[in-house]
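Residue-level structural notes
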Amino acid sequence: MTIKIEKVGKVVVLRLHRPEKRNALNTALMEDLLAALQTYDTDPEVGCFVLTGSDKVFAAGADISEMSTMSYQEMTASDYFAGWEALGNIRTPVIAAVSGYALGGGCELAMMCDVIFAAESALFGQPELTLGVIPGMGGTQRLTKLVGKAKAMDMILTGRMVDAIEAERAGLVSRVIPDEKLLAETMEAAQIIAAYSKPAVLLAKECVCFGEHLSVSDGVKAERRAFHGLFATEDQKEGMHAFIEKRRPAFTGK
Ligand code: CO8
């Protein structure tokens, strides 16, 4: 297996594990990761994923050895990298906990997650031009949406790495955490998310994701319908009654 899987309460931790290749993303790793995400996504006992690597590297990008000899015909016939888009169909929130290098496809994989928490040691970059190619797993699109054209152009055209502080300032990551606390703080956030009503969490994620494709007014209408729909759940009654009764809610996902 190219990943390690651990379930802690309602959180599934997926650890990229190809240490000898700096967690380079080959086809086997993609298949292992997607299979795990798809298996647990529909499990009512799973409320959040944490995707992480090692202390030194989140992922050093797509596997250059796997790609290096491929022809144009092989690339297009296999629609190389298209498989990664399946990650966008995962409905349960995914937090990327990034320590060390997140380069090329590694940075793009982190950006496919819903939230990125970065260790102080994290380094993000899109070095594809140094290899004679361009980002191929969404980097030109997602990075630009997250950090704006100026910073995205700077990173993609020069291939330089940005550290965690610069990444946070630019809007690429949501938290910078001391290395030794990265996993603990990420798990704390993941457990908070996983304890909420799962239908509500799924809709919250879905509504935020709508925003990328809809106008604000269409997005607000879709959000309102989703909000109304939650009044068909027991968890809505539980959450609001618990507030009124001054106790902690016990959500069941129903
Ligand atoms: N692919 C394959 N193998 C890799 C990769 C990689 N991306 N990164 C590292 N490795 C391998 C090395 O070849 C080496 O293998 P070996 O021991 O057999 O020689 C081993 O991992 C260790 O590597 P280093 O000795 O370089 O390790 P360091 O700790 O000194 O350095 C770095 C770590 C800085 C991460 C360094 O390995 C590095 O720069 N890696 C490459 C980073 C990079 O260029 N990433 C972009 C890849 S391309 C991409 O992601 C998107 C492509 C989009 C194409 C779209 C097509 C449709």
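Structural data are supplied above this passage.
Residues numbered from 1 in each chain as written. Predicted model: local features only at pLDDT ≥ 70, side-chain atom pairs only at ≥ 80, totals over all residues. Heavy atoms only, no water.

1. Quick word on the packing of aromatic side chains
- Counted under the stated rule, the structure contains 2 aromatic pairs.
- Measuring from centroid to centroid gives 4.7 Å for Y80 and F81, while their planes differ by 50 degrees, and the two rings are tilted. Take Y80 and F81: they sit in the same class, and that class is buried. (Phe/Tyr/Trp six-rings, centres within 6.5 Å; stacked < 30°, edge-to-face > 60°. Buried < 20%, exposed > 50% of the residue type's maximum accessible area, 1.4 Å probe, protein only.)

2. Here's the deal with the nonpolar core
- With 47 residues, the main nonpolar core has L16, F58, W84 and F124 as its most contacted residues.
- No other element matches the 6 residues that helix α1 (residues 27-41) contributes to this core.
- Apart from the residues within four sequence positions on either side, W84 is in contact with L25, L29, M30, L33, L109, M112 and M137.
- Core analysis: the next-biggest nonpolar cluster, separate from the first, contains 14 residues, V50, A119, A189 and A194 among them. (Core = buried A, V, L, I, M, F, W, Y, C linked by side-chain atoms within 4.5 Å. Helix = DSSP H or I, 4+ residues; strand = E, 2+ residues; numbered from the N terminus. Contact = heavy atoms within 4.5 Å.)

3. Some thoughts on the pattern of salt bridges
- What the rule picks out here adds up to 10 salt bridges.
- Its salt-bridge partner being D154, residue R160 comes within 2.9 Å of it at the nearest N-O pair.
- On the accessibility criterion, R160 (29% relative accessible area) is partly exposed.
- In this structure, a network of salt bridges that share partners links the residues K151, D154, R160 and E166. (Salt bridge = Lys/Arg side-chain N within 4 Å of Asp/Glu carboxyl O.)

4. Brief notes about the environment of G159
- Within the secondary structure, G159 sits in the loop between α5 (139-158) and β9 (162-163).
- G159 sits 42 residues away from F117 along the chain, and the two C-alpha atoms are 22 Å apart.
- Excluding its chain neighbours within four sequence positions, the residues that come into contact with G159 are Q126, P127 and D154.

5. Quick word on the site of the ligand
- Around the ligand there are 19 residues in total, and K21, A60, A62, I64 and G105 lie nearest to it.
- In this structure, E20 approaches the ligand through a main-chain N or O atom, which is 3.4 Å from an oxygen atom.
- Here a nitrogen atom of the ligand and a backbone polar atom of A60 are 2.9 Å apart. (Near = heavy atom within 4 Å. Polar contact = N/O pair within 3.5 Å; in protein donor to acceptor, adjacent residues only side chain to side chain.)

6. A word on the sheet that holds strand β4 (residues 57-59)
- Here 4 strands make up an open sheet; going across it, the order is β4-β6-β8-β9 and the pairing mixed. At either margin of the open sheet sits one strand with a lone partner, and together these are β4 and β9.
- Strand direction decides the pairing type here: strand β6 (residues 101-103) and strand β8 (residues 123-125), joined by 3 bridges, are parallel. Bridge pairing in β8 places L103 opposite G125. (Pairing = 2+ DSSP bridges.)

7. A closer look at the pairing of strand β7 (residues 115-119)
- In terms of burial, β7 is largely enclosed, as 4 of its 5 residues are buried.
- Pairing between strand β5 (residues 94-98) and β7: 4 bridges, direction parallel. Looking at the pairing, V98 lines up with A118 of β7.
- Relative to strand β10 (residues 175-177), β7 runs parallel, the two being bridged by 3 bridges. For F117, the partnering residue across the bridge sits in β10 and is R175.

8. What about helix α8 (residues 198-210)?
- For α8, spanning 13 residues, the distance from its first C-alpha to its last is 18 Å, which sits close to the expected 18 Å at 1.5 Å a residue.
- K198, V201, L202, K205 and C207 are the residues of α8 that are buried.
- Summarising the contacts, the buried residues of α8 are in contact with α1, β5, α7 (182-195), α9 (216-229) and α10 (234-244). (Expected span 1.5 Å × (residues − 1).)

In short, shape yes, function no, at least from these values alone.
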